[in-house]
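# Structural characterization, general
Given next are the chains, with one letter for each unit.
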Amino acid sequence: MTLSERWNTVMMANYGTPPIALDHGRGVRVWDVEGNEYLDFVAGIAVTSLGHAHPAIVDAVSSQVAKLAHTSNLYIHEPGVRLAERLLELLGRSGRVFFANSGAEANECALKLARKHGRANGGRVRVVSCEGSFHGRTIGALSVTGNAPKRAPFEPLPGPVTFVDYGDVDALAAAVDDDTAAVFVEPTLGEGGVVPAPAGYLAEVRRICDATGALMVLDEVQSGIGRTGHWFASTAEGVQPDVITLAKGLGGGLPIGACIGFGAAGEVLVPGDHGSTFGGNPVSCAAALAVLTTIADEHLLDNVKVVGERLADGLRAIDHELITESRGSGLWRALALSTPKAGEVEAAARRRGLLVNAVKPDVIRLAPPLVLSADEVDQAVPRLAGAVGEVGGT
Ligand SMILES: *Cc1c(COP(=O)(O)O)cnc(C)c1O
C-alpha cells in the first residue's frame, strides 16, 4: 500500500486526501517522500516563519527537550516567563498572557474572558464578529467564525453572536450596543482570502468598543509575528485592542498559541477559571523565543517588506485574464481568480515545484517563510505564472 492509501485507511476524512507526503525541508524548500523538491510558499499555513530546519529553532528545541520537555502549568518555567515578557515588550504595553497550543484555543480563552467580563459588567453576553472571518474549529471559536456553511452541521453553537459585513463601520456601529461583551476581528481576513480591512477600520472598531464598553478582541493568529512586515498588524496601525490572540507563526512550527489581555481584560481570569495541560510547554516556548530573537537579529521585518514588495511586483506582472486581483501585504499575498480554478492552479504550481494554497475556490494564497530571498521570489513567480497560464489557457 502507498502512504496515501494507508492515510485513507486510518485517517478521518476531514482533510480529504492530501496530494503529497512531505519528508524534510531546509529553508524555503521542502522535499516529498519521492524526492521531488518544492519552494514552500505555504509554510504550514503561515507557520514556519523561519523556514524549515532553521538552526536557531533546532538548537533551542533540542537543548530544551534535553533539559525539560514538559512541566504542566502546576510549575513555573523560565522559557514561558521570558516569552510572555518578550511578547509584552514587543507589544509595548503591560498586560497578562495565557499560553495555549493553537489559534482556536487562544480564541477560546478570549471568549471565556469576554463572557466573564461581560457578565460582570451589566450581564453582556453577545459577541459581534465579521462575515468571512475565521477564528478556529473548536465549538467556541467556530461559533464566532463568519462562515455559515462551516457552522451549520455543528449547531446549536454557543451564542448569541451577530455577524456583520467585514469593513463596514456603520453595520458594526449598529450591531454593537451595551449588551455586547466583545467584538472579534482580524486585521485582514486570512482564511477569508487575505482580504485587508479598509484603511482606518481597526481604529473605528476601537472607537465603537470604547463607546459601548465592549471588549475589542483582535485575532492576530495569522497576521502577527512579522507576516505583514510588522511585529503585529495592529501596532503598525497604532490600534490597541483589549485582547490580542496569536498562534501560527509564533512557534515557527512548534504548537503554541497566546491570548494576551491588556488592562482590565488581563485581570479577568482568576485561579481555577481556565487552564491547559500542554499550553505554553517549555519546548514550544523555547522555539517561540528563537523565532522572536531571529526575526530581530536577522532583520526579518525589513526582509518581509522588501522581498514582499518584490513578490507583489512579480504577482502583479502575471498578466492573465484568469487573475482579477493581486492583494495583501508583506509576505502574505493572494491572487483572486475570475473562476473557481484555484485548486487547479495549486496543482499545476505543485507540478512545477511550487507549493501555494487554494484558500478559497477562487483565491490562491501565498504565505512563505519570512526568510524568503529575492532569488527565491524570482524562481517562484515564473512557476506560478506558468501554472496560471496552463490552467487559464484550457
Ligand atoms: C488559523 C487561524 C485560527 C485557528 O488556529 P488553529 O491553530 O488552526 O486552531 C484562528 N484565527 C485565525 C485568524 C487563523 O488564521
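That block above? That's the structure.
Cut-offs used in this document
Residues numbered from 1 in each chain as written. Predicted model: local features only at pLDDT ≥ 70, side-chain atom pairs only at ≥ 80, totals over all residues. Heavy atoms only, no water. Helix = DSSP H or I, 4+ residues; strand = E, 2+ residues; numbered from the N terminus. Expected span 1.5 Å × (residues − 1). Buried < 20%, exposed > 50% of the residue type's maximum accessible area, 1.4 Å probe, protein only. Pairing = 2+ DSSP bridges. Contact = heavy atoms within 4.5 Å. Axes fitted to C-alpha atoms, helices over the stretch in contact; angles between N-to-C directions. Parallel < 35°, antiparallel > 145°, perpendicular 65-115°, else oblique. Left-handed = near helix turned anticlockwise from the far one by under 90°. Nonpolar A, V, L, I, M, F, W, Y, C, P; charged D, E, K, R; others polar. Polar contact = N/O pair within 3.5 Å; in protein donor to acceptor, adjacent residues only side chain to side chain. Phe/Tyr/Trp six-rings, centres within 6.5 Å; stacked < 30°, edge-to-face > 60°. Lys NZ or Arg CZ within 6 Å of the ring centre and 35° of its normal. Core = buried A, V, L, I, M, F, W, Y, C linked by side-chain atoms within 4.5 Å. Domains from an automatic or database assignment. Disulfide = S-S within 2.5 Å.

Moving on: helix H5 (residues 103-120). For an α-helix, the turn length of 3.6 residues means that residues three or four places apart are oriented alike. Relative to the 26 Å expected for 18 residues at 1.5 Å per residue, H5 spans 26 Å between its end C-alpha atoms, a close match to the ideal helical length. By the burial criterion, the buried members of H5 are Gly103, Ala104, Ala106, Asn107, Cys109, Ala110, Leu111, Leu113, Ala114, His117 and Gly118. Just downstream of H5 lies glycine 122, where phi reads positive at about 90°.

Another point: the sheet that holds strand E3 (residues 37-40). In spatial order, the strands read E1-E2-E3-E15; together these 4 strands make up an open sheet with mixed pairing. A strand with exactly one partner marks an edge of an open sheet, and here the two such strands are strand E1 (22-26) and strand E15 (354-355). Examined bridge by bridge, E3 and E15 share 2 bridges and lie parallel to one another. The residue of E15 that forms the bridge with aspartate 40 is leucine 355. Across the sheet, helix H14 (residues 374-392) is in contact with strand E2 (29-32), E3 and E15; its angle to E3 comes to roughly 105°.

A word on the packing of helix H12 (residues 300-316) against H14. Running from N to C, H12 and H14 point in directions that differ by 20°, and their axes come no closer than 10 Å. As judged from the angle between their axes, H12 and H14 are roughly parallel. In the packing of H12 onto H14, the handedness of the crossing is right-handed. Here H12 contributes Val307, Arg310, Leu311, Gly314 and Leu315 to the contact with H14, which in turn contributes Ala374, Val377, Asp378, Val381 and Leu384. Broken down by class, the residue content of the contact of H12 with H14 amounts to 7 nonpolar, 1 polar and 2 charged.

This next bit is on the packing of helix H4 (residues 78-91) against helix H11 (residues 282-297). Helix-helix packing is described using two parameters, namely the angle between the two axes and the distance between the axes. Viewed as axis vectors pointing N to C, H4 and H11 meet at an angle of 35°, and their least axial separation amounts to 9 Å. For the pair H4 and H11, the crossing hand works out as left-handed. Contact residues: Pro79, Gly80, Arg82, Leu83, Arg86, Leu87 and Leu90 in H4; Pro282, Cys285, Ala286, Ala288, Leu289, Leu292 and Ala296 in H11. Its residues placed into classes, the contact of H4 with H11 shows 11 nonpolar, 1 polar and 2 charged.

Let us now look at the side chain of threonine 145. Looking at the secondary structure, you find threonine 145 in the loop between helix H6 (139-143) and helix H7 (148-151). The exposure class assigned to threonine 145 is buried, which follows from its relative accessible area of 2%. Only 2.9 Å separates the side chain of threonine 145 from the backbone nitrogen of histidine 135, close enough to count as a polar contact. Setting aside its immediate chain neighbours within four residues, threonine 145 contacts Ser133, Phe134, His135, Gly136, Arg151 and Phe163.

The next point concerns the sheet that holds strand E13 (residues 323-329). Here 4 strands make up an open sheet; going across it, the order is E13-E14-E17-E16 and the pairing antiparallel. Both edges of this open sheet fall to E13 and strand E16 (357-360), since each of them pairs with a single strand only. Strand-to-strand twist of the sheet, defined as the mean angle between neighbouring strand axes without regard to direction, takes the value 30°. Sheet topology places E13 next to strand E14 (residues 332-337); 6 bridges connect them, and they run antiparallel. Paired with isoleucine 323 across the strands is leucine 337, a residue of E14. Running over the sheet, H12 touches E13, E14 and strand E17 (363-366) and is turned about 10° from E14.

Counting across every chain of the model gives 1 aromatic pair. With 5.5 Å between their ring centres and 70° between their planes, tyrosine 166 and tyrosine 201 make a pair best called edge-to-face. Separated by 35 residues along the polypeptide, tyrosine 166 in the loop between strand E6 (161-164) and helix H8 (169-175) and tyrosine 201 in helix H9 (residues 201-212) bring together distant segments of the chain. Taken individually, tyrosine 166 and tyrosine 201 each receive the classification buried, so the pair is uniform in this respect. When the ring centre of phenylalanine 262 is taken as origin, the NZ or CZ atom of arginine 93, which lies over that ring, is 3.8 Å away.

So, about the nonpolar core. Counting residues in each nonpolar core, the largest one holds 63 residues, and the members touching the most others are Phe41, Leu87 and Leu384. Looking at which element gives the most residues to this core, the answer is H11, with 10 residues. In this structure, this core is formed jointly by two domains, domain 1 (3-53 + 299-392) and domain 2 (57-297), each of which donates at least three residues. Beyond its immediate sequence surroundings of up to four residues, phenylalanine 41 is in contact with Val28, Leu311, Leu354, Leu355, Val356, Arg365, Leu366, Ala367, Pro368, Leu372, Glu376 and Ala380. Counting 20 residues, the second largest nonpolar core, distinct from the first, contains Leu172, Val205, Cys209 and Val239.

Should the sulfur atoms of two cysteines be covalently bonded, the bond is a disulfide. Across all of its chains, the model carries 0 disulfides by this definition. Here cysteine 209 stays free of any disulfide, with the sulfur of cysteine 130 as its closest cysteine sulfur at 11 Å. Cysteine 285 carries a free sulfur, and the closest cysteine sulfur to it, the one in cysteine 109, is 15 Å from it.

Remember, this is a structural readout, not a statement about activity or role.
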